[in-house]
Amino acid sequence: VSTDFSGNEVSTRLAQGNNAIFTNDCYPSKSVIVHEECIETNLCYNFTFSDSFCDGLWFGGYIKVEEDSVVRYNSGDYKCGGSIQLGTCGGDGGGGNCAINGKDNLEITIKTDNFGAETTVQVHDNGNIIRNWGPFQDYRTIIRNVCIPNTCHRVVVLDSAGDGIFEDGSVEVKLNGAVMGVMKQFGYNSEVAIGC
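Reading the values: the criteria
- Residues numbered from 1 in each chain as written.
- Predicted model: local features only at pLDDT ≥ 70, side-chain atom pairs only at ≥ 80, totals over all residues.
- Heavy atoms only, no water.
- Pairing = 2+ DSSP bridges.
- Helix = DSSP H or I, 4+ residues; strand = E, 2+ residues; numbered from the N terminus.
- Axes fitted to C-alpha atoms, helices over the stretch in contact; angles between N-to-C directions.
- 1 Å grid on protein atoms, 1.4 Å probe; cavity = no way out; pocket = protein on both sides within 12 Å on 5 of 7 lines; lining within 4 Å.
- Points joined across faces, edges and corners; volume = space filled by probe spheres on them.
- Nonpolar A, V, L, I, M, F, W, Y, C, P; charged D, E, K, R; others polar.
- Salt bridge = Lys/Arg side-chain N within 4 Å of Asp/Glu carboxyl O.
- Disulfide = S-S within 2.5 Å.
- Phe/Tyr/Trp six-rings, centres within 6.5 Å; stacked < 30°, edge-to-face > 60°.
- Buried < 20%, exposed > 50% of the residue type's maximum accessible area, 1.4 Å probe, protein only.

Q: Got a minute to help me understand the sheet that holds strand E14 (residues 189-194) in this structure?
A: To summarise the sheet geometry, strands pair through backbone hydrogen bonds and adopt either a parallel or an antiparallel arrangement. A sheet is described by the order of its strands in space; here four strands give the open sequence E9-E8-E11-E14, paired in antiparallel fashion. Either end of the sheet is taken by a strand with one partner, and the two such strands are strand E9 (128-133) and E14. The mean inter-strand angle of the sheet, taken between neighbouring strand axes irrespective of direction, is 20°. Pairing between strand E8 (residues 119-125) and E9: five bridges, direction antiparallel. Bridging from a neighbouring strand, Val 121 pairs with Trp 133 of E9.

Q: Help me understand empty space enclosed by the protein in this model?
A: Rolled over the atoms, a probe with the dimensions of a water molecule shows which regions are left empty. What the rule picks out here adds up to one cavity of 30 Å³ or more. If you add up the space inside the largest cavity, you get close to 90 Å³. Lining the largest cavity, in full, are Asp 77, Tyr 78, Lys 79, Lys 111, Thr 112, Tyr 139, Arg 140, Thr 141, Asp 168 and Gly 169. Class assignment of the residues belonging to the lining of the largest cavity gives a composition of two nonpolar, three polar and five charged.

Q: I would appreciate a short explanation of the pattern of salt bridges in the present structure.
A: A side chain with one charge can pair with a side chain of the opposite charge if their charged atoms come near. Within this structure, the stated rule accounts for six salt bridges. The salt bridge partner of Asp 168 is Lys 79, with a shortest N-O separation of 3.6 Å. Here Asp 168 is found in the loop between strand E11 (153-159) and strand E12 (170-175), whereas its partner Lys 79 is found in the loop between strand E5 (70-75) and strand E6 (81-87), with 89 residues between them in sequence.

Q: I tried to follow the state of the cysteines on my own but got confused; where do I start?
A: By definition, a disulfide links the sulfur atoms of two cysteines through a covalent bond. The tally for this structure, following the rule as stated, stands at two disulfides. The disulfide bridge from Cys 54 ends at Cys 80, spanning 2.0 Å between sulfur atoms. Taking the torsion about the S-S bond as the criterion, the Cys 54 to Cys 80 disulfide, at about 115°, is right-handed. Of this pair, Cys 54 sits in the loop between strand E3 (44-51) and strand E4 (63-67) while Cys 80 sits in the loop between E5 and E6, and the two are 26 residues apart along the sequence. Cysteine Cys 26 shares no disulfide, and the gap to the nearest cysteine sulfur, in Cys 54, comes to 16 Å.

Q: Would you take a moment to explain the sheet that holds strand E7 (residues 104-111) for this structure?
A: Read across the sheet, eight strands follow the order E2-E1-E3-E6-E10-E7-E12-E13 without closing on themselves; strand pairing throughout is mixed. The open sheet has two edge strands with one neighbour each: strand E2 (19-24) and strand E13 (178-183). Taken pair by pair, the neighbouring strands of this sheet meet at an average axis angle of 15°, ignoring direction. In this structure, E7 lies alongside E12, joined through six bridges in antiparallel fashion. Within E12, the residue paired with Ile 110 across the bridge is Val 171.

Q: Would you mind going over the packing of aromatic side chains with me for this structure?
A: How two aromatic rings sit relative to each other is set out by the distance from centre to centre and by the angle between their planes. Tallied over the full model, the rule gives six aromatic pairs. With centroids separated by 5.0 Å and ring planes inclined at 35°, the aromatic side chains of Phe 49 and Tyr 73 adopt a geometry described as tilted. Of this pair, Phe 49 sits in strand E3 while Tyr 73 sits in strand E5, and the two are 24 residues apart along the sequence. The same class applies to Phe 49 as to Tyr 73, namely buried. Between Phe 49 and Tyr 78 the ring centres are 5.0 Å apart and the planes differ by 80°, which places this aromatic pair in the edge-to-face class. With Phe 49 in strand E3 and Tyr 78 in the loop between E5 and E6, the pair connects residues that are 29 residues apart, well separated along the chain.

Next up, the structure:
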């Protein structure tokens, strides 16, 4: 965590289930603080971060998260906060573990607008919903990874109000690090097809 002039607005937490691995509710200003934790790759962890003023980190400040030397998140532009899953979540968490099992890493970055509760994101495998996330809080960045076989998949974004995601919000879909599509202002729904 590299803070700006208002480090006291930033808080972070790493948890496995309901058990907190570490929590930091107040960082010093204009500082770099490194947290290193060993995690078991067969368990699901959630790293959350928030900014009490909902303006993220400015002036070069950022939060960087690495797992097995792979950068999973590196930004200060997160407004109110966000979360990243690490390890193996939902049986097939993605990240650096996919290639070992002969699968592709599907990474979905969800940046909500001021109506996050209108948004849900789904992953479809040959018509079956295999992941379903949301609704979300406002002004959040959420990163989800899923290991998928090299078959037809669709990432579908639904907006209950029919106006898509506005402001700086979007849903970005990557496959093995390559951007496959970005969805933003789309009405009730939009999708990115992968391998179809």
